[in-house]
Amino acid sequence: MAPSLRFGIDLGGSKIELIALDLQGREILRRRVPTPQGDYPATVAAIAALVRDAESGLGQPGSVGVGTPGAVSPASGRMKNCNSTCLNGQPLREDLEHALGREIRLANDANCLALSEATDGSAAGAESVFGVILGTGVGGGVVVRGRVMNGVNAIAGEWGHSPLPYFQFAGSRADRGSTGRHPATGEAILHPWPSPRELDAAPACYCGKKGCIETWLSGPALAADHVRYGGEDLPAHEIAQLANAGYGPCSATLARYEERLARALAGVINLIDPDVIVLGGGLSNIGRLYDTVPRLWPRYVFSDRIDTQLAPPKYGDSSGVRGAAWLWNGESMHAGQSGDLPLNP
């Protein structure tokens, strides 16, 4: 008999969170512990302990779905593309199944975000959804007609490791005469294609390349960009707070971030044309993104009109962990397979 509880695990870079949902999707328990950073065996043990403690407290077992950075390689069955690099090359699903004595379903954390929001969140009822993680790293996930798209290489939606076309703000009076202006700050913007200065400044990524979207749009990337332009060493959330309070250097940093995010998402719209783009991760809490970014992306989208909606996650930081629990919707689904995962609420 199928269990009446669904446990979702969000395996993040700084925390591991567990949620328990009943069959109607109601949250009945939530727990979190720090991630043992850089320690793979301790990470497996921490996940298993969370599940066991939850089952002991609730007095019944449940299915287990895990949202992870990166993905399970169809070629090897081991983890790949994780920014928590201690996971790469490890048989995470097999080790968790051994530790817990049952089948485990794994999916990329951005896929879990998209699945959660497409199930009963901000994008419920939408035909196509792109879920974005803007946090310690940057990821993306795609849900079409209620099905998570994994792709034959298990990398569908991995926009964070595509290159970002660079740009620079106009620096001279002559430049400002023929450029667009940022809708939030009024700052003039030059044509977005690369300049030698911006190419040289492209940050290095842990994947071995330079200038990946993740290196411009993650939380640490926002903080690093602020320092790069002469600002104080501040965390991303403080930069956003000071920008909203009208502090000039932080306002300029956030304007650069919005321009980059708009251009990166325009590439997604040009490629898959989703009905809804849902933001997740810590930077999704920056409220002005939902107004400013859609006002910026028309100049980069190949269409006379853009009806794509940019939405915050209905469940906030909990959306990814809820999506991990929803991986057990539909018994025909096999997490980690090469192909698409069906959603049958």
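Quantities reported herein were computed from a predicted structural model and do not represent experimental measurements.

So, the side chain of T35
Within the secondary structure layout, T35 lies in the loop between β3 (27-34) and α1 (40-58). With a relative accessible area of 13%, T35 lands in the buried category. Those residues within four positions of T35 in sequence are excluded, and the remaining contacts are G12, G13, S14, K15, I16 and T43.

A short note on helix α2 (residues 92-100)
Along α2, the residues classified as buried are L92, R93, L96 and L100. All buried residues of α2 lie within an arc of 95 degrees about the axis, which places them on one face of the element. Contacts made by the buried residues of α2 are with β1 (6-11), α1, β4 (63-68), β5 (71-72), β6 (79-80) and β7 (104-108). Among the residues trailing α2, G101 stands out with phi positive, at a value near 70 degrees.

A few points about the pairing of β4
Two faces belong to every sheet, and in a regular strand the side chains alternate between them. Of all 6 residues that make up β4, 6 are buried, and the element is covered over most of its length. For β4 and β7, the ladder comprises 5 bridges, and the chain directions are parallel. Residue pairing across strands places V66 opposite L106, the latter belonging to β7.

Section: the packing of aromatic side chains
Note on aromatic pairs: each is described by the distance of the centres and the angle between the planes. As enumerated under the stated definition, the model contains 1 aromatic pair in all. When the ring of F130 is compared with that of W159, the centres are 5.9 Å apart and the planes differ by 85 degrees; the resulting orientation is edge-to-face. A residue pair is termed long-range when its members are at least 10 positions apart, and F130 in strand β8 (residues 128-134) and W159 in the loop between β10 (147-149) and α4 (173-176) qualify at 29 residues. Take W159: its relative accessible area is 6%, and that puts it in the buried class. Taking NZ or CZ as reference, R105 lies 3.7 Å from the ring centre of W328, over its face. The aromatic ring of Y229 is capped on one face by R256, whose charged end is 3.6 Å from the ring centroid.

What to know about the confidence of the model for the protein
Residues of the protein with pLDDT of at least 70 account for 86%, and the chain-wide mean is 86. Taken element by element, the predicted model of the protein shows its lowest mean pLDDT in α4 (44) and its highest in strand β14 (residues 309-311) (98). A low-confidence stretch, residues 168-178 stays under pLDDT 50, and its non-local contacts, those more than four residues away or across chains, total 21 contacts.

So, unusual backbone geometry
The backbone phi angle of R145 is positive, close to 50 degrees, even though this residue is not glycine. With relative accessibility at 63%, the residue R145 sits in the exposed group. With a phi close to 50 degrees, D273 is a non-glycine residue in the positive phi region. Its place among the elements puts D273 in the loop between α9 (248-272) and β13 (276-280). In this structure D273 comes out as exposed when scored by relative accessible area, which is 53%.

Some thoughts on the environment of A223
Looking at the element boundaries, A223 is found in helix α7 (residues 219-228). What makes A223 buried here is its relative accessible area of 12%. Sequence spacing of A223 and D233 is 10 residues, and the spatial spacing of their C-alpha atoms is 6.9 Å. Among all residues touching A223, those that are not within four sequence positions of it are L234, A236 and I239.

Things to note about the pattern of salt bridges
What the rule picks out here adds up to 17 salt bridges. Note that R322 and D120 form a salt bridge whose closest N and O atoms lie 3.0 Å from each other. Note that R322 is positioned in helix α11 (residues 319-325) and D120 in helix α3 (residues 109-120), a separation of 202 residues in sequence. For E259, the salt bridge identified is with R263, shortest N-O distance 3.4 Å. Of this pair, E259 and R263 both sit in helix α9, 4 residues apart, which is roughly one turn of that helix. Salt bridges sharing common partners tie together D10, K15, E17, E27, R30 and R32.

As for the sheet that holds β1
Read across the sheet, 5 strands follow the order β3-β2-β1-β4-β7 without closing on themselves; strand pairing throughout is mixed. The strands lining the two open edges of the sheet, one partner per strand, are β3 and β7. Each strand of the sheet is rotated relative to its neighbour by a mean of 20 degrees, with strand direction disregarded. Running at roughly 150 degrees to β7, α2 makes contact with β1, β4 and β7 of the sheet.

Description of the pairing of strand β9 (residues 138-144)
β9 sits mainly inside the fold: 6 of its 7 residues count as buried. The hairpin turn running from β8 into β9, its antiparallel successor, is 3 residues long. The pairing of β9 with β10 spans 2 bridges and is classified as antiparallel. Bridge pairing links V143 to V148 in β10. Where β9 folds back onto β10 in an antiparallel hairpin, the turn is made up of 2 residues, including R145, whose phi is positive at roughly 50 degrees.

About the cut-offs
Residues numbered from 1 in each chain as written. Predicted model: local features only at pLDDT ≥ 70, side-chain atom pairs only at ≥ 80, totals over all residues. Heavy atoms only, no water. Helix = DSSP H or I, 4+ residues; strand = E, 2+ residues; numbered from the N terminus. Buried < 20%, exposed > 50% of the residue type's maximum accessible area, 1.4 Å probe, protein only. Contact = heavy atoms within 4.5 Å. Arc of directions from axis to C-beta. Pairing = 2+ DSSP bridges. Phe/Tyr/Trp six-rings, centres within 6.5 Å; stacked < 30°, edge-to-face > 60°. Lys NZ or Arg CZ within 6 Å of the ring centre and 35° of its normal. pLDDT = per-residue confidence, 0-100. Salt bridge = Lys/Arg side-chain N within 4 Å of Asp/Glu carboxyl O. Axes fitted to C-alpha atoms, helices over the stretch in contact; angles between N-to-C directions.

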